[in-house]
Amino acid sequence: MSNLTTIRIDGRIKAIWPTGVDTNASPFVSRAWRAIDPEAVASATGLVNRFVGQRDTVNSDRELSHEGKRNRIKQAASNALSNLKTTAEAVLKMESEFNASTSGLVKIPDQTPADAVIDLEIARMYRENPPITTMVSMGWSDRAKQALVRLPKELTGMDDKTFETVRMSLADPATASVYATDALAIAAARQSVQGAINSLQQEAQEPISELVRMFGSGWKIPGVADTLAKAMADRQADQPAE
C-alpha cells in the first residue's frame, strides 16, 4: 500500500492522501485534489480553514457580546456549509463516474452449471472463515476469487470494500496500480468533505432537514442514522419544487 499523508482540517485529521502521488497523476486524482486542496477557496479544506479564520476574528472582537459572537460564528458556519454543497456534489459525481469506468476492467468468466456448485461451496468456505487475516486478495486462487466476485454479496457475506479488493486483485498489475491510486485519492476527497460537514455542523447547528436538503443521502449526516437520512432525502425529492 502507498505511504499516506494526513491532511488536517481545523486541527483534526480529516483526510489521507497517498504520499508521493502527483496531484495531476490522473484525471480522477486531479479532481479529487480539487476537493481537498487547502489553497483552493471552494475546496472542503479551504472552506473550513476560511471559517476558522472568521471564527478566530469574531472571538477576538472585544466589541461583541457573547451572544453576538455566537450568532456570527453560527452564520459563518452555515454559509460555509452552503458553499460546501457544490464540492460535495462534485465528489459524488466523481465517485459515480469512477465506479462506472472500472466496472469493465476485470473480465469474469461466465458461470457454467458445474461452476455454480463449486462457487456456492467457495462462498460457504468464505462465510465460515472470512479471510480478512488470510488476505483473500492475495492468498486465494484466481478461480476462488472469480467465484466470490460472480456471486451476489448476500451469498458471500462480503462488504463492498472487500468485494472491490477481491475484484481488482484479478486485474492486470498495471491496471490495478492505477485503480488503487485513483481509489485512494477519491477516498481522501470523501474524507475531506465528510470531515468538513462534521466540523462545520458543530458550529452551524443546522436543522437535520436542511442538512439533508443540502447533502442528500450520499453523505453521513451528523447525528442521524443513514436509513433515516435516506428516507428524508427521498421524501424531499418527491415534494414539488416551490
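Structural notes, computed from the coordinates. Keep in mind that this is a model prediction, so the values were computed, not measured. (Residues numbered from 1 in each chain as written. Predicted model: local features only at pLDDT ≥ 70, side-chain atom pairs only at ≥ 80, totals over all residues. Heavy atoms only, no water.)

Side note on the packing of aromatic side chains
The tally for this structure, following the rule as stated, stands at 3 aromatic pairs. Both rings, one in Phe 28 and one in Phe 98, keep their centres 5.3 Å apart while their planes meet at 80°; by these two values the pair is edge-to-face. Of the two residues, Phe 28 sits in helix α1 (residues 27–34) while Phe 98 sits in helix α3 (residues 66–102), which places them 70 residues apart along the sequence. Since its relative accessible area comes to 14%, Phe 28 is described here as buried. Ring geometry for Tyr 126 versus Trp 140: centroids 6.2 Å apart, planes at 80°, classification edge-to-face. Pair noted here: Tyr 126 is in helix α4 (residues 113–128) and Trp 140 is in the loop between α5 (136–139) and α6 (142–150), with a separation of 14 residues, a long-range link. This pair shows no difference in class: Tyr 126 is buried, exactly as Trp 140 is. Members of the aromatic cluster, connected to one another through ring pairs, are Phe 28, Phe 98 and Tyr 179. Positioned above the aromatic ring of Trp 219 is the side chain of Arg 190, whose terminal nitrogen or guanidinium carbon lies 4.1 Å from the ring centre. (Phe/Tyr/Trp six-rings, centres within 6.5 Å; stacked < 30°, edge-to-face > 60°. Helix = DSSP H or I, 4+ residues; strand = E, 2+ residues; numbered from the N terminus. Buried < 20%, exposed > 50% of the residue type's maximum accessible area, 1.4 Å probe, protein only. Lys NZ or Arg CZ within 6 Å of the ring centre and 35° of its normal.)

Some words on the side chain of Ser 30
For Ser 30, the location among the structural elements is in helix α1. In this view, Ser 30 contacts Thr 23 and Asn 24; residues no more than four positions away in its chain are not counted. (Contact = heavy atoms within 4.5 Å.)

Topic: the packing of α1 against helix α9 (residues 173–204)
Contact pair α1 / α9: the axes reach a minimum separation of 8 Å and the direction vectors enclose 15°. Judged by the angle between their axes, α1 and α9 are roughly parallel. Considering only the axes of α1 and α9, their crossing is left-handed. Contact with α1, carried on its side by Phe 28, Val 29 and Ala 32, involves Thr 181, Asp 182, Ala 185, Ile 186 and Ala 189 of α9 and no other residues of that element. When its residues are assigned to classes, the contact of α1 with α9 shows 6 nonpolar, 1 polar and 1 charged. (Axes fitted to C-alpha atoms, helices over the stretch in contact; angles between N-to-C directions. Parallel < 35°, antiparallel > 145°, perpendicular 65-115°, else oblique. Left-handed = near helix turned anticlockwise from the far one by under 90°. Nonpolar A, V, L, I, M, F, W, Y, C, P; charged D, E, K, R; others polar.)

Here's the deal with unusual backbone geometry
Trans is the prevailing form of peptide bonds, just as negative phi is the prevailing case for residues other than glycine. Backbone geometry at Gln 205 places phi at a positive 50°, although glycine is not the residue there. Relative to the elements of secondary structure, Gln 205 occurs in the loop between α9 and α10 (208–215).

Some points on α3
Look at α3: 52 Å from first C-alpha to last across 37 residues, which is about the 54 Å you get at 1.5 Å a residue. The largest bend along α3 reaches roughly 30° and is located at Lys 85. (Expected span 1.5 Å × (residues − 1). Bend = angle between axes of the 7 residues up to and from the residue.)

Regarding the pattern of salt bridges
Here the structure, examined in full by the defined rule, presents 15 salt bridges. Across the pair Arg 55 and Glu 203 runs a salt bridge, and its minimum N-O distance is 3.3 Å. Remark: Glu 203 occurs in helix α9 and Arg 55 occurs in helix α2 (residues 44–59); sequence separation between them is 148 residues. Between Lys 220 and Asp 226 there is a salt bridge, with the nearest N and O atoms lying 3.5 Å from each other. (Salt bridge = Lys/Arg side-chain N within 4 Å of Asp/Glu carboxyl O.)

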